[in-house]
Each structure stands twice: as structure tokens, then as C-alpha cells.
Amino acid sequence: MRHDQRAEKFRQIVENKFQIYNSLFMSLPYDKMTNIGMLLPFLYEESKEGYQAGKNPEQIVEEFFANHTDLQTEDQKLELLFKIIQYIERQVVLFDSIEDAAFPNLHSESDSGTVTNLFERSQQDHKLEKVREKLRDFTVKVVFTAHPTQFYPSSVQRILHDLRKSITDDSITSIDMLLQQLGKTPFVNKEKPTPIDEALSIIHYLRYVYYDTIGELFTKIKKTFGNGHFHLHEDLIQLGFWPGGDRDGNPFVTADVTKRVSEELRSAILKSYYGNLKDVRRRLSFRGVSEVLGQLSAELYTAIFRNERITAQDILKRLDEAEKILVEEHNSLFLDLLENFKDRVKIFGTHFATLDIRQDSRIHQQVIDDVYKAKFGEAEVSNDEKFNQLIHLSEKINVDDFEDIVKDTLINVNQVKEIQFVNGDRGMNRYIISNSDAVKDVMNVYAFFKITGYKDEEINMDIVPLFETMEGLDNAESVMRDLYENPVYQQHLERRGNQQTIMLGFSDGTKDGGYLKANWEIYKAKEVLTKLSEENGIKVVFFDGRGGPPARGGGKTHDFYASQGKTIANNKIELTIQGQTITSIFGNKEQAKYNFEQLLTAGVENDVFKNSKKDLTEKERALILELANISYKKYSDLKAHPMFVPYLQEMSTLEYYGKTNIGSRPSKRGGGNELKFEDLRAIPFVGSWSQLKQNVPGFFGFGFAMQQLKEDGRFDEVRELYKGSDFFKTLVLNSMMSMNKSYFPLTYYIKDNPKFGEFWNVLFSEYNLSKDIMLELTGFKMLQEEDPLSRKSVKIREKIVLPLLSIQQYALMKIQKGEGNKAAYEKLVTRSLFGNINASRNSA
């Protein structure tokens with residue numbers, strides 16, 4: 001489908017439907033929300049015209065009250081503003097549902113990046129065998145995290161799911177009833193979710209979206225590329241899971257929580273098998289087969305409800321028995337049903353998704369220090385000596401001799417073998433270390449296993465360093481070289497099949513180094529680590545910690561992976577997805593299938609189809625490095641500005657993220673009242689810029705760097721780089737996406753602020769510079785010109801939330817001035833976070 005056809009289709013089935021159903025929405029009898037639908041367009045017009053005229057949010061909202069209401073008291077005005085927020089939140093859900101329902105009609109089976117397209121291309125280019133060869137050992141792994149960027153409670157998510165189906169069916173009666181339900185359903189959690197709540201929320205998606213999606217996609221790939229001798233491996237598409245295992249900065253994730261989540265994952269997959277088996281048995285009602293499947297059904301029931309152990313091999317053994325009878329005695333009737341079920345058992349095992357453990361290296365050092373002190377006293381030794389001595393300790397330590405985080409860390413390590421016994425080795429097989437910047441950070445974890453009684457050959461865990469700051473990325477090569485040369489670790493890697501996973505943090509990297517610098521440093525780190533690993537006979541896998549927006553490594557994911565050249569290992573594509581990205585990109589079967597296909601084909605295309613635009617020339621590398629260094633200097637100067645942190649604290653919603661009951665994890669690292677840049681978590685950091693509609697981390701310094709080269713008469717070099725490098729082009733387009741979601745008129749009023757005016761002007765100047773030079777570079781007349789669907793979607797969403805932004809800024813201005821009911825205005829700011837984040841879909 002061409003861009004213009006797709007855009008017209010979007011107008012018909014998204015824009016028009018939204019207008020129709022929104023008018024229905026306006027007339028619904030909500031509690032205390034009468035006439036809101038009539039008043040809202042007036043607030044939108046006041047906002048739109050007011051910002052263009054240079055008015056500030058306070059003037060706009062007060063003029064709205066004066067011109068369109070007869071409200072007099074502050075309490076009356078506040079009540080109306082809260083009602084407007086509630087109304088807009090529900091408009092966002094309506095638009096989400098309409099857009100999601102339209103997805104299958106806006107994308108076809110043969111779109112670029114689909115399995116069908118890959119097959120057709122491989123036939124045309126006579127590369128079918130090469131694609132099959134790549135598929136034999138390639139893997140895509142999506143790891144679900146519990147990071148708090150999802151603001152819909154589960155009750156609202158269920159309405160969203162049902163609303164999507166009713167919109168697909170054009171059932172006006174059903175839509176009307178669901179919108180009424182939506183009007184009366186709370187959008188806010190009264191209490192923060194626990195890590196268990198977060199886990200169960202995502203397990204819901206595993207059961208009702210990914211079980212079928214991945215199973216059906218596996219079957220599709222098998223049929224598309226299959227022939228007599230081609231067999232897909234079951235690890236082609238894998239799922240990972242962080243809720244309940246990710247301790248980094250979350251004191252509520254304990255060893256007990258991890259154990260419970262592993263049990264919930266096992267229970268969920270066995271329930272999925274039990275339900276799937278019912279469907280299979282309806283068709284396979286033949287003598288002999290029926291009895292075997294009935295026996296399996298009883299065994300699954302016992303395993304679920306009496307907690308008896310059953311392994312994937314046990315299930316497959318029964319299915320093999322049934323298959324033998326079916327083939328020999330019943331003409332292989334409905335054999336495909338049985339084979340599809342067997343494939344799912346091979347894919348999901350008894351674990352469903354692999355539960356990872358993650359913790360900060362500094363906590364690990366604390367554990368090592370305490371254990372070492374207990375065993376050897378206060379000796380002055382280096383950290384390296386500590387882990388070396390503990391690794392060779394002859395006796396197992398008693399975990400009950402320790403307290404708090406030390407004890408819990410060791411208990412957690414101790415129970416790994418128990419989780420593996422019940423869920424299988426794939427149930428838990430790696431330990432990730434945040435803020436890794438030295439060999440000790442990896443070897444400390446190895447020492448944990450040894451001191452809790454594991455023999456070397458019993459440590460069935462990959463130990464994964466996470467390099468996420470500029471310093472960490474700089475140190476990555478020397479750390480990994482020393483690890484590869486460490487005799488103890490060498491032997492461990494041999495037992496793990498000489499494969500090493502290395503995680504790279506895009507979110508904190510961008511926060512630390514700016515958009516262009518972070519992406520280039522990660523690209524270079526991957527190249528260096530690929531070469532180093534190959535030299536040591538190690539198969540390296542890169543695990544990308546990516547968020548939703550470009551500022552946190554997100555954006556156009558398929559383009560990003562397809563743009564990586566031959567110098568970067570391509571054994572596996574592995575990345576995190578979270579919060580809104582789960583619901584907006586992988587939230588239903590159609591979207592999930594499409595996006596899994598996009599990831600899979602990106603990795604396969606990279607190896608099979610030659611494209612000179614993927615491999616950077618020395619000249620291109622030198623130019624990107626120069627641009628990255630200039631942009632890094634500009635971004636570093638911004639971070640060093642004395643108003644940088646105060647601006648976020650006083651003028652943005654940063655302080656309010658911790659007050660939203662959306663995630664179990666605190667919004668900043670470390671204790672104390674003073675806010676330091678290094679303590680800021682990437683999600684509230686990026687999210688706060690998004691709420692201001694400034695999206696600074698997604699573009700700042702990038703345009704300045706290109707302007708510097710232009711002033712030196714070298715802009716043609718940048719143009720050639722954009723045309724010749726897919727990697728650079730992807731960075732430019734993702735940065736333009738960030739700018740397209742910015743709206744500086746919202747904060748024009750800050751330019752006259754005596755404290756922050758000069759700082760705001762620095763941001764605004766860089767935005768204008770970056771926008772102008774990127775439009776000049778691309779030849780576009782507008783931002784996101786190359787992606788009309790996204791551009792249209794963003795435009796509608798921004799229109800929906802503009803009144804919400806006015807209310808949020810109005811409340812912030814009242815708080816800054818110390819006027820009126822401070823508690824109510826703070827609540828107003830917090831509530832307005834929800835709708836704005838949900839509408840943006842990939843803003844945090």
C-alpha cells in the first residue's frame with residue numbers, strides 16, 4: 001500500500017471514526033461530567049489561539065473560565081479542571097482503540113519487513129537457502145520490563161481490549177455501553193502496584209496475546225520457508241521477563257517475590273497448554289489418541305492445581321505417543337493441530353518467559369564486602385582479591401549470618417537451582433549487573449554462586465554486564481578482554497557454550513551523553529566487542545536496553561537493526577520493551593505479530609542481503625565521530641548549566657513522577673532530599689521533558705553539530721553521510737520524531753522568567769536550529785514527512801491533549817507563585833501526567 005493510499009485509509013477509518021464516536025462520547029451521562037464535551041472545544045481553541053498570540057497558560061485558562069463559564073470560586077474551577085482531565089483521559093482511550101482496531105487495514109501481509117516480503121525478496125534474489133541458513137540459528141528475544149511508563153490500570157486495559165473489538169465490528173450498541181463503562185471506571189490506582197501486580201499485568205499479555213501470536217508466527221515461518229529438510233529451531237522467538245526479578249533500585253523486589261513470579265509464569269503457561277489441549281481434543285476424538293490426550297490433560301490439571309512437577313519433555317512425550325497413533329491408525333487427520341501444539345511446548349517450555357535477575361554492581365560490592373569481612377575480618381585487600389578468595393572458599397557460608405539486602409541477595413542466588421528444577425533451565429538462566437565498569441562486577445556474581453554452595457559445573461547461568469554510562473561504554477573493551485583472559489571465567493564460558501551476552505543501556509547512555517553521542521558510542525562499543533569476542537572464540541550477543549522514545553533508544557526499531565553493518569555481531573536481536581510500548585506496539589495479536597516479524601526480518605536481512613549503506617566507510621566514521629563529539633560538548637555544557645536540574649525540579653513534572661501510583665520502583669536512585677543528576681532515572685528524566693513538550697534529550701546538540709560543519713563549508717559532507725549511511729539516516733529521522741512531538745509555544749512564558757528565561761532560550765534556540773537544519777538536510781517540508789501515518793496520529797493526539805497541557809502548566813504556575821490551594825494544584829499536575837503520557841504512547 002502506497003503512502004498516499006495509506007494516508008487516505010487512515011483518514012477514513014481512524015480520523016472519521018474518531019469524529020463519529022467522539023460525538024457519541026460527548027453525549028454520554030457521566031457522573032459529574034455533564035457538559036464537559038461542550039466546554040472542551042472552547043478550552044482547545046483558547047489554548048491554540050492563545051499560545052500563537054504569546055499568552056501564558058494561566059492567562060489562557062483564566063480567560064476560558066471568564067468567557068465560557070460563570071464559575072467564581074477556586075474550588076468550582078478546580079472541580080471543572082479535574083473533570084476535563086477525566087474526560088480527556090477517556091478520549092485518549094477511545095482514540096487508542098480506534099487506531100489499534102484499524103491496524104490490520106493499514107498494514108498488509110506483504111509490507112516491507114514482513115515474513116511474506118522476506119520470502120518474496122529471497123526468491124527474487126535467489127537467496128532462499130541463505131535465509132533458511134540464517135533462520136536455523138538466529139533468535140529474536142523481547143524482554144518485558146516493569147518500568148513505570150504504563151498508566152492504564154488493568155480494568156481500563158480490559159475495556160480498551162473490548163472496545164477495540166467492538167470498533168472493528170462497528171457495533172454502535174456495544175461501543176455505547178463500553179464508553180459508559182469507561183466513564184464510570186477509575187483511571188488511577190489508589191495504591192502503588194506491588195512487583196507481583198506488575199508481573200501479573202504482563203503475564204496477562206503473555207497468556208492472551210503472545211501465546212497465540214508467537215505460536216501462529218512460528219507456524220507461518222515454518223510453512224513459508226519449509227521444505228523437506230528445513231527445520232526451525234524452537235528458540236527463534238523468545239520472551240524474557242523482568243518484573244519480579246529486576247532489583248535495581250527497587251527494594252520491594254525480594255527473593256520471595258522472585259520465587260512467586262517464577263511460579264506464576266509456570267502456572268500461566270500450563271493453563272495456556274490446558275486450554276489449547278481442549279481445542280486439540282475436540283478434533284482428535286479418535287480411539288487411542290483421545291485416551292493419551294485425556295491422560296495429558298489430567299496431568300496438566302494436577303500440575304496446575306496440586307503444584308506437581310511436570311517438564312516440557314513429559315508433555316512432549318505424551319504428544320509423541322498421540323502422534324504415533326494418529327499417523328499409524330487414523331491417516332494423520334488433523335496432524336497439523338498436534339504439531340502446532342508441540343511447537344508451542346518446545347517454544348515456551350514450562351517457563352513461558354525467561355525470568356532475569358538484575359541488580360546494581362554497587363549493591364553486589366556491598367554484599368561481597370560484608371561476606372569477606374565476616375570470613376576474613378577487616379583485612380586491607382583489593383576488590384579483586386576479595387572475589388578471588390571467596391571463589392576459592394572451601395566451605396559454604398550460612399546466609400542466616402547476614403541481614404537485609406546481603407541476606408536477600410544470597411537467598412535469591414541460592415534459589416536459582418530450585419527455579420530451574422521446576423521451570424526448566426530456560427526458566428532462569430542469567431544474572432544482569434547494572435552499572436558495570438570493572439571485571440569485579442562480573443566476578444562478584446560468580447563468587448555469589450560459589451559461596452552459596454554451587455559447584456562450578458552447577459552454575460547454569462549467564463553473567464551479563466550492563467554498560468550504560470559514557471564511562472561504562474569506554475571501559476567495556478578492557479573489562480571484557482580481562483574477563484575473557486580470566487581462567488575461572490574462561491572455563492565458565494566454555495560450560496556455557498562459549499557464548500557471552502553483553503547488555504548496553506540506551507536510556508542512561510542518552511541521559512549521560514546526549515542522543516547522537518550515546519548512539520555512536522554504543523555502535524562503536526558493539527563493533528569493538530564483536531571483534532574482541534571473535535578473537536577469543538566467543539559468540540557475542542548484544543542485549544539492548546531500549547525505551548519507547550528515541551531519547552531512550554526507541555523510535556523506528558526495525559530501521560535501527562536493519563541499519564547495523566557487518567562489523568556488529570548479528571547472532572541475535574534482543575531488546576527490552578516496557579509500559580506503553582507493550583500496549584501500543586505489542587498490545588494485540590495483529591500488532592504483536594507484525595512487530596515480531598519486523599524484528600526478525602531486520603536481523604535476517606542484515607546478513608543475507610548486501611547493502612553498502614549499512615557498512616560505514618572510514619570517511620563516514622570520522623564524520624559521525626566529529627559530529628558526535630561536537631554534540632556531546634554542547635549537551636555536556638547544557639548539563640553543566642547551573643539551571644539544568646533546578647529547571648527540571650521547578651518548571652517540569654519531575655517531582656511528581658514519584659507521586660503517581662504506576663510502578664513499584666522509586667523514581668530516583670539514592671536517598672536524601674538533594675536531587676543530583678546522576679540519581680535521576682531515565683524514565684522520569686525523559687518523561688519530564690516530554691511533559692514540557694520540549695523533548696530535549698532526543699535532539700539537543702545534534703543540530704548544533706551539523707550547523708558547525710555547515711559554517712565550515714562542509715554541509716555537503718553531512719548530506720552525503722545522510723544519503724550513504726542507513727545508520728545515520730535512522731538517527732536523523734528518529735530525532736525528527738522527537739522534535740515533531742515538541743511544542744515550545746506551551747512554555748513561551750518561561751522566556752521572561754527572571755530565573756529560567758535565559759536557560760529556556762538556550763533550549764528553544766537549539767530546537768529551532770535542529771529543526772531547520774534537519775529539514776534542510778532531508779529536503780522535507782515538515783517533520784516526519786516520510787511517515788504520514790505517524791505524523792497524522794501525532795497531530796490528532798497532540799490536539800486531544802493540548803487542553804490537558806494548558807491545565808498542567810496552569811497548575812505548575814500556581815504552585816510556583818504560591819497561590820491558592822497548593823495540594824489541589826499538585827494533584828492536578830499529577831493527574832494530568834496520565835493522559836499526556838498515554839496519548840504520546842512512546843514518550844517515556
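Residues numbered from 1 in each chain as written. Predicted model: local features only at pLDDT ≥ 70, side-chain atom pairs only at ≥ 80, totals over all residues. Heavy atoms only, no water.

> Please provide a residue-by-residue account of the confidence of the model for the chain, values included.
When pLDDT is averaged along the chain, the result is 88; 92% of the residues meet or exceed 70. Across the chain, element-level confidence peaks in strand β3 (residues 354-355) with a mean pLDDT of 98 and bottoms out in helix α21 (residues 506-513) with 70. Every residue in residues 548-554 is under pLDDT 50, and counting partners more than four places away or in other chains gives 40 contacts. (pLDDT = per-residue confidence, 0-100. Helix = DSSP H or I, 4+ residues; strand = E, 2+ residues; numbered from the N terminus. Contact = heavy atoms within 4.5 Å.)

> An account of the side chain of Arg266 is requested, with residue identities and associated values reported.
The topology assignment puts Arg266 in helix α10 (residues 255-283). Within the structure, the side chain of Arg266 is placed 2.7 Å from the backbone oxygen of Glu308, a separation counted as a polar contact. With near-sequence residues (within four places) excluded, Arg266 lies in contact with Ala303, Asn307, Glu308, Arg309, Ile310, Thr350, Val422 and Asn423. (Polar contact = N/O pair within 3.5 Å; in protein donor to acceptor, adjacent residues only side chain to side chain.)

> Describe a negative patch on the surface, naming the residues involved and giving the relevant values.
Together, Asp384, Glu385, Asp482 and Glu485 line one region of the surface with negative charge. Where the negative patch is concerned, the elements lending two or more residues are α15 (383-391) and α19 (470-485). Positionally, Asp482 belongs in helix α19. With relative accessibility at 41%, the residue Asp482 sits in the partly exposed group. (Patch = residues over 30% accessible without salt bridge, like charges linked within 9 Å, V, L, I, M, F, W, Y side chains within 5 Å. Areas by Shrake-Rupley, 256 points an atom, 1.4 Å probe, with all protein chains shown as cover. Salt bridge = Lys/Arg side-chain N within 4 Å of Asp/Glu carboxyl O. Lys, Arg positive; Asp, Glu negative; His and termini not counted. Charge placed at Lys NZ, Arg CZ, Asp CG, Glu CD. Buried < 20%, exposed > 50% of the residue type's maximum accessible area, 1.4 Å probe, protein only.)

> Which residues make up the environment of Leu783, and what are the values?
Structurally, Leu783 can be placed in the loop between α32 (757-778) and α33 (788-817). Sequence-distant contacts of Leu783, defined by excluding residues within four places in its chain, comprise Met736, Met739, Asn740, Tyr767, Lys771, Leu775 and Arg791.

> So what about unusual backbone geometry? Which residues, and what values?
Despite not being glycine, Asn307 shows a phi value in the positive range, around 60°. If you trace the backbone, Asn307 turns up in the loop between α11 (289-305) and α12 (312-329). Look at Asn307 and you get exposed, because its relative accessible area is 57%. Phi angles above zero are rare outside glycine, and Gln784 is one such case at about 60°. By the element assignment, Gln784 lies in the loop between α32 and α33.

> Outline the nonpolar core, supporting the account with residue identities and numerical values.
Counting 196 residues, the largest nonpolar core has Tyr210 and Phe728 as the members making the most contacts within it. With near-sequence residues (within four places) excluded, Tyr210 lies in contact with Phe144, Tyr205, Gly215, Leu239, Phe348, Ile582, Phe586, Ala592 and Phe596. Residues Ile13, Leu182, Ala824 and Leu828 belong to the second largest nonpolar core, which totals 62 residues. (Core = buried A, V, L, I, M, F, W, Y, C linked by side-chain atoms within 4.5 Å.)

> If you had to explain the packing of aromatic side chains to someone new, which residues and values would you point to?
Counted according to the given criterion, the structure contains 37 aromatic pairs. Ring centres of Tyr51 and Tyr743 lie 6.0 Å apart, and the angle between their planes is 80°; this geometry places the pair in the edge-to-face category. Here Tyr51, found in helix α2 (residues 36-52), pairs with Tyr743, found in the loop between α31 (726-740) and α32; they are 692 residues apart in sequence, far enough to count as distant. Given a relative accessible area of 0%, Tyr51 falls into the buried group. With relative accessibility at 24%, the residue Tyr743 sits in the partly exposed group. (Phe/Tyr/Trp six-rings, centres within 6.5 Å; stacked < 30°, edge-to-face > 60°.)

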